[in-house]
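The chain contents come next:
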Amino acid sequence: ETGVTQTPRHLVMGMTNKKSLKCEQHLGHNAMYWYKQSAKKPLELMFVYNFKEQTENNSVPSRFSPECPNSSHLFLHLHTLQPEDSALYLCASSQELAGVLTDTQYFGPGTRLTVL
Amino acid sequence: AQTVTQSQPEMSVQEAETVTLSCTYDTSESDYYLFWYKQPPSRQMILVIRQEAYKQQNATENRFSVNFQKAAKSFSLKISDSQLGDAAMYFCAYYNTNAGKSTFGDGTTLTVKP
């Protein structure tokens, strides 16, 4: 059983919809990540949160809005998306020790997003 | 900027045989980690093996082992006694300790033939 869960597993939305992706980790980690995995592209890091603070935003469009209310939960709020945003969105977590993010990330199963 | 290159988009292996997936990376850092992740059709990303750059000894995990050539910046994955359950996409990843960031390769799709 994975220590990182994501809901929903599949999501279809129109370009005018607003939806949210949820990630929860049960590993006691304090760093969480959002990745985007498009077809035939490497994983793209979107956001990094460390102790609930956003430490990385890789030039992600504002139609993606992350929220990290606590170290165990991470959301990705979606609004007015484009068809090219269709992808698998993966959440991951890792431990933070003495101010350094440790190397090993544990991934959730992903949310398959389709934007019509 | 760090880059990770997996030159084999697709590989296939006969069940019970051995296959090697290649990965090269580019970095100016001396302290980093390297990983191989497996992503089966379920899309769950699973850590297969991890290598610390400061260790000369190649990491092994059961049927999985790596050939880490630091000077050549090469990090290949060897799967011995391949099983049908090994069929998946395999990603090589580099972790920059200073930046706290991971960079992934494009992936290699492995097919295991019965």
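The paragraphs below set out a description of the structure included in this document. (Residues numbered from 1 in each chain as written. Chains lettered and ligands numbered in written order. Predicted model: local features only at pLDDT ≥ 70, side-chain atom pairs only at ≥ 80, totals over all residues. Heavy atoms only, no water.)

### Topic: the sheet that holds strand β7 (residues 64-70) of chain A
Residues and elements named next belong to chain A. With antiparallel pairing, four strands are arranged side by side in an open sheet as β1-β3-β8-β7. Edge positions in the sheet fall to β1 (4-7) and β7, since each has one partner strand and no second. Here the strands of the sheet are splayed against their neighbours by 20° on average, with no regard to which way each runs. Direction of pairing for β7 relative to strand β8 (residues 73-79): antiparallel, over a ladder of five bridges. Bridging from a neighbouring strand, Asn70 pairs with His73 of β8. (Pairing = 2+ DSSP bridges. Helix = DSSP H or I, 4+ residues; strand = E, 2+ residues; numbered from the N terminus. Axes fitted to C-alpha atoms, helices over the stretch in contact; angles between N-to-C directions.)

### Overview of the interface of chain B and chain A
At the junction of the two partners, chain B supplies 19 residues and chain A supplies 21 residues. Across the interface of chain B and chain A, roughly 1,600 Å² is buried in total on both sides, 51% from carbon and sulfur atoms. The largest contributions to the chain B side of the interface with chain A come from Arg43, Gln44 and Phe104 of chain B, which together make up 31% of the buried area. Counting every contact that joins chain B to chain A gives zero salt bridges. Our count for the chain B to chain A interface comes out at three residue pairs in polar contact (both at pLDDT 80 or more). Residue assignment for the side of chain B that touches chain A shows that the elements contributing at least two residues are β5 (32-39), β6 (46-52), β10 (88-96) and β11 (101-104) of chain B. It is β5 of chain B that contributes the most residues to the side of chain B that touches chain A, four residues altogether. Classifying every residue of the side of chain B that touches chain A gives eight nonpolar, seven polar and four charged. (Contact = heavy atoms within 4.5 Å. Buried area = accessible area lost by both parts, 1.4 Å probe. Salt bridge = Lys/Arg side-chain N within 4 Å of Asp/Glu carboxyl O. Polar contact = N/O pair within 3.5 Å; in protein donor to acceptor, adjacent residues only side chain to side chain. Nonpolar A, V, L, I, M, F, W, Y, C, P; charged D, E, K, R; others polar.)

### Looking at unusual backbone geometry
A cis amide bond links Thr7 of chain A to the next residue, Pro8 of chain A, at an omega of -10°. Inspection of the secondary structure puts Pro8 of chain A in the loop between β1 and β2 (10-13). Of note in this structure, Ala16 of chain B is not a glycine but carries a positive phi near 80°. With respect to the element layout, Ala16 of chain B can be found in the loop between β2 (10-14) and β3 (19-21). Under the relative-accessibility criterion, Ala16 of chain B is labelled partly exposed at 46%. Even without glycine at this site, Asp81 of chain B takes up a positive phi of about 50°. One can find Asp81 of chain B in the loop between β9 (74-79) and β10. Residue class for Asp81 of chain B comes out partly exposed when judged on its relative accessible area of 40%. (Buried < 20%, exposed > 50% of the residue type's maximum accessible area, 1.4 Å probe, protein only.)

### Brief notes about the packing of aromatic side chains
One pass over the structure, following the stated rule, counts 14 aromatic pairs over all chains. When the centroid spacing of 6.3 Å and the interplanar angle of 20° are considered together, the rings of Trp36 of chain B and Phe75 of chain B count as stacked. Of this pair, Trp36 of chain B sits in strand β5 while Phe75 of chain B is found in strand β9, placing the two residues 39 residues apart along the sequence. When sorted by exposure, Trp36 of chain B lands in the same class as Phe75 of chain B, which is buried. For the ring pair Tyr37 of chain B and Phe104 of chain B, a centre distance of 5.7 Å and an interplane angle of 40° mean the geometry is tilted. With Tyr37 of chain B in strand β5 and Phe104 of chain B in strand β11, the pair connects residues that are 67 residues apart, well separated along the chain. Residue classification places Tyr37 of chain B among the buried positions, given a relative accessible area of 2%. Among the aromatic residues, those joined into a cluster by ring pairs are Tyr33, Tyr35 and Phe107 of chain A together with Phe35, Tyr37 and Phe104 of chain B. (Phe/Tyr/Trp six-rings, centres within 6.5 Å; stacked < 30°, edge-to-face > 60°.)

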